[in-house]
Amino acid sequence: MQNRFTPAPPFQSDKVHKIGVFDSGVGGLTVLQEIYRQLPHESVLYFGDTARVPYGTRSAAEILHFTRQTLDWMVSQRVKMAIVACNTSSALALDTVRNEYDLPILGVVLPGARAAARLGRRIGVIATPATVNSNAYLRAIEEANPLAQVWQVACPEFVPLIETNRLAEPYTLAIAKAYLQPLLDRSVDTIVYGCTHYPHLEPILRQFVPMSVQFVNPAIAVVAAAARELNLLGLQSHLLAQPTTFVVSGNPAQFAQLATQWLPTQPSVQQIILPTVPVS
Ligand code: DGL
C-alpha cells in the first residue's frame, strides 16, 4: 500500500534499525518494559496515539484507519519490525494490515491467548469493548485449548482512568472490583490482560484478586515471539541499544509526566500530527 508520509525507502533488512512499538497511549509501555528485559540490545521507536485514545470504544473502520496511519509512519521511519502493542488494533486490524506491508508485524492477542491457554482451564479475559466484541481472545484460546472455558468482561473505564493518572483513587479500586467480580464468581484460575494498559493496574487488582488466580501479561509472550522472529530473519541487534524515541500525537509533556512512573528514566517526547481523515 502507498505510504502517505515522506517517501518510504524499501524495507531494509537492517539489524541496526529500531523496532516500532505502538499503542493508543501508555499501554504499550508494558510491552516496552518487556523489550528492555528480553531484548536489551534493541532500540525502539515508541508511538502513542494519545490524541485519539481510547481506541476501545471506536468503530472497526476507525481502528483499521488509525493502525494503517501509524504503520505508514513507522515504515517511513524505517523500523525493521512493528509490534502492535494494542490489543484493540491487534484484534480488529492486524489480519488486514499484515499483508499490506513489507515488514514483520506482530500483535499481542495470539501470543497472549496461547500463553493463557497453556496456563489455565477457567480463563477470564478483561479487555476493551471493541476487543471483547471481536471475540478474538475467545476464539484464539478455544483453538489453543478446546477444554478451556472462557469468560470475557469489557472494562471501558480502565483506559481513561489510566491515561488520566487516576490509579490511586478509591473509584478505580471500586470499578475494578465491579468489573472483575463476575469472573471471580466463576472461579476463574487465570485472568488475561486483554489490553496492554491493564498490567499497570496490577497493584490495584491484587488488593482483591486471590493469589490463586494468575494474571497473564501478553507483553511477555509477544516479546518472546519478536525475539524468535528477529533471530529467524537475522535481524537481531548486537549493538548497544539507543535510548527509546518517544513520539505521540497528543500532548508530549502530559505523556512524559504520566509515563515516567513506568520507565527507568524521564522520557523525552516529541509530537507528530497525523492527518485527520474522516472515517465512515
Ligand atoms: N492498550 C490498548 C489495548 O490494548 C487500549 C485501547 C484503547 O485505547 O482503548 O487495547
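Before reading on, note that the structure itself is shown above.
Residues numbered from 1 in each chain as written. Predicted model: local features only at pLDDT ≥ 70, side-chain atom pairs only at ≥ 80, totals over all residues. Heavy atoms only, no water.

A. A look at the overall build of the protein. Counting its secondary structure elements, the protein contains twelve helices and ten strands. For 280 residues, the compact-globule estimate of 2.2 N^0.38 gives 19 Å, and the C-alpha radius of gyration of the protein, at 18 Å, lies within 12% of that figure. Along the three orthogonal principal directions, the C-alpha set of the protein runs to about 55 × 40 × 40 Å. The burial tally for the protein puts 56% of its 280 residues in the buried class. Considering only contacts within the protein whose residues lie at least 6 apart along the sequence, 77% involve residues at least 24 apart. When the accessible surface of the protein is totalled, it reaches about 12,200 Å², and 53% of it is carbon and sulfur. One way to put it: in the protein the 20 positive side-chain charges average out to a point 3 Å from where the 19 negative ones average out. (Helix = DSSP H or I, 4+ residues; strand = E, 2+ residues; numbered from the N terminus. Rg over C-alpha atoms; globule rule 2.2 N^0.38 Å. Buried < 20%, exposed > 50% of the residue type's maximum accessible area, 1.4 Å probe, protein only. Contact = heavy atoms within 4.5 Å. Areas by Shrake-Rupley, 256 points an atom, 1.4 Å probe, with all protein chains shown as cover. Lys, Arg positive; Asp, Glu negative; His and termini not counted. Charge placed at Lys NZ, Arg CZ, Asp CG, Glu CD.)

B. Just the pairing of strand β9 (residues 245-248), in detail. Side-chain alternation along β9 places Thr-245 and Val-247 on one buried face and Phe-246 and Val-248 on a second face that is also buried. Where strand β2 (residues 44-48) meets β9, four bridges bridge the pair, whose relative direction is parallel. Counterpart to Phe-47 in the pairing with β9 is Val-247. In terms of strand pairing, β9 meets strand β10 (residues 269-271) through three bridges, oriented parallel. By the bridge assignment, Val-248 is partnered in β10 with Gln-271. Each parallel crossover has a hand, and for β9 linked through helix α12 (residues 252-259) to β10 it is right-handed. (Pairing = 2+ DSSP bridges. Right-handed = clockwise from strand over helix to strand, strands pointing away.)

C. Region of the structure containing the sheet that holds strand β7 (residues 190-194). Overall, parallel pairing links the four strands, which are arranged β6-β5-β7-β8 in an open sheet. The open sheet has two edge strands with one neighbour each: β6 (149-154) and β8 (214-216). Recorded for the sheet is a direction-independent mean angle of 25° between the axes of neighbouring strands. Pairing of strand β5 (residues 122-127) with β7, which is carried by five bridges, proceeds in the parallel orientation. In the strand pairing of β7, Ile-126 is matched with Tyr-193. (Axes fitted to C-alpha atoms, helices over the stretch in contact; angles between N-to-C directions.)

D. Looking closely at the packing of aromatic side chains. Across all of its chains, the model carries eight aromatic pairs by this definition. Residues Tyr-193 and Phe-215 carry aromatic rings whose centres are separated by 5.0 Å and whose planes lie at 10° to one another, so their mutual orientation is stacked. Here Tyr-193 is found in strand β7, whereas its partner Phe-215 is found in strand β8, with 22 residues between them in sequence. For the pair Tyr-193 and Phe-215, a shared accessibility class is recorded, and that class is buried. With 6.2 Å between their ring centres and 45° between their planes, Phe-246 and Phe-255 make a pair best called tilted. By relative accessible area, which is 4% here, Phe-246 ends up buried. (Phe/Tyr/Trp six-rings, centres within 6.5 Å; stacked < 30°, edge-to-face > 60°.)

E. Spotlight on the side chain of Thr-172. With respect to the helices, strands and loops of the structure, Thr-172 is situated in helix α9 (residues 170-185). Thr-172 has contacts with Leu-161, Arg-166, Leu-167 and Leu-201, leaving out every residue within four places of it along the chain.

F. Broad picture of the sheet that holds β9. As summarised here, the arrangement of the six strands in space is β4-β3-β1-β2-β9-β10, forming an open sheet in which the pairing is parallel. Every other strand in the sheet has two partners, leaving β4 (105-107) and β10 as the edge strands with one partner each. On average, each strand axis in the sheet is inclined to that of its neighbour by 20°, with strand direction left out of account. Its contacts with the sheet put α12 on β2, β9 and β10, and the angle it makes with β10 is roughly 150°.

G. How the structure looks around unusual backbone geometry. In this chain, Val-53 is followed by Pro-54 through a cis amide linkage whose omega measures 0°. Position of Pro-54 among the secondary structure elements: in the loop between β2 and α2 (60-76). The backbone phi angle of Asn-135 is positive, close to 60°, even though this residue is not glycine. For Asn-135, the position within the fold is in the loop between α6 (129-134) and α7 (136-144). Positioned with a positive phi, Ser-187 is a non-glycine residue whose angle comes to about 55°. If you trace the backbone, Ser-187 turns up in the loop between α9 and β7.

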